[in-house]
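Architecture and fold: a report
Each chain, written out:
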Amino acid sequence: MNLKEAAITVRENAYVPYSNFKVGAALRTAGGTIHVGCNVENVAYPEGTCAEAGAIAAMVAAGERELAAIYVIADSPTPVSPCGGCRQKLAEFGKGDTRVTMATTAGAEETMTLAELLPGAFNADHMAGR
Ligand code: THU
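A brief structural summary. If you're wondering where the values come from, they're calculated on a predicted model, not measured in any experiment. (Residues numbered from 1 in each chain as written. Predicted model: local features only at pLDDT ≥ 70, side-chain atom pairs only at ≥ 80, totals over all residues. Heavy atoms only, no water.)

Some thoughts on the nonpolar core
If you look at the biggest cluster of nonpolar residues, it comprises 17 residues, and the most contacted ones within it are Ala-25, Leu-27, Ile-70, Val-72, Leu-90 and Val-100. Elements that contribute at least two residues to this core include exactly strand S1 (23-29), helix H2 (51-61), strand S3 (67-74), strand S4 (99-104) and helix H4 (114-117). Those residues in contact with Val-72, other than ones at most four positions away along the chain, are Val-23, Gly-24, Ala-25, Glu-52, Val-80, Thr-101, Met-102 and Ala-103. Ala-6, Ala-7, Tyr-71 and Ala-103 belong to the second largest nonpolar core, which has 8 residues in total. (Core = buried A, V, L, I, M, F, W, Y, C linked by side-chain atoms within 4.5 Å. Buried < 20%, exposed > 50% of the residue type's maximum accessible area, 1.4 Å probe, protein only. Helix = DSSP H or I, 4+ residues; strand = E, 2+ residues; numbered from the N terminus. Contact = heavy atoms within 4.5 Å.)

As structure tokens, then:
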């Protein structure tokens, strides 16, 4: 299964009683493994988690930490854009040139790098010496 197929499939499992907006994410690690995630909402709204966060958690739980690429899909008018918090989460495990493909269920796709999505990211260099 490729990243697109994996993201489409996991999206169906999204738990979205409040937004009714299903998101699926599938990432590939440097080693070639695919991990998936979907958004999981909560009646206490801020406790909901994004699809990207779920995929990252699955990757780390599997013992992997090198994000090579991620595909995110939703039924949105334009390709779904990862939220600011998820951009920071992706930057923790990806590199500046890591490709983030955003897609709609209707077939539109847009690919950007992590550096483009989160310019000037706060990173470990800012904490040098600690
Ligand atoms: N959401 C994601 O899962 N990923 C994104 O990139 C954008 C937003 C979710 C969070 C919430 O469950 C719903 O979409 C509406 O914001």
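Thoughts on the packing of H2 against helix H3 (residues 84-93)
Taken N-terminus to C-terminus, the directions of H2 and H3 make an angle of 25 degrees; their axes are 9 Å apart at the nearest point. Judged by the inter-axis angle, H2 sits roughly parallel to H3. Along this stretch, H2 crosses H3, giving a crossing that reads as left-handed. Contacts between H2 and H3 involve Glu-52, Ala-53, Ile-56, Met-59 and Val-60 on the former and, on the latter, Cys-86, Lys-89, Leu-90 and Phe-93. (Axes fitted to C-alpha atoms, helices over the stretch in contact; angles between N-to-C directions. Parallel < 35°, antiparallel > 145°, perpendicular 65-115°, else oblique. Left-handed = near helix turned anticlockwise from the far one by under 90°.)

These figures capture arrangement, not role.
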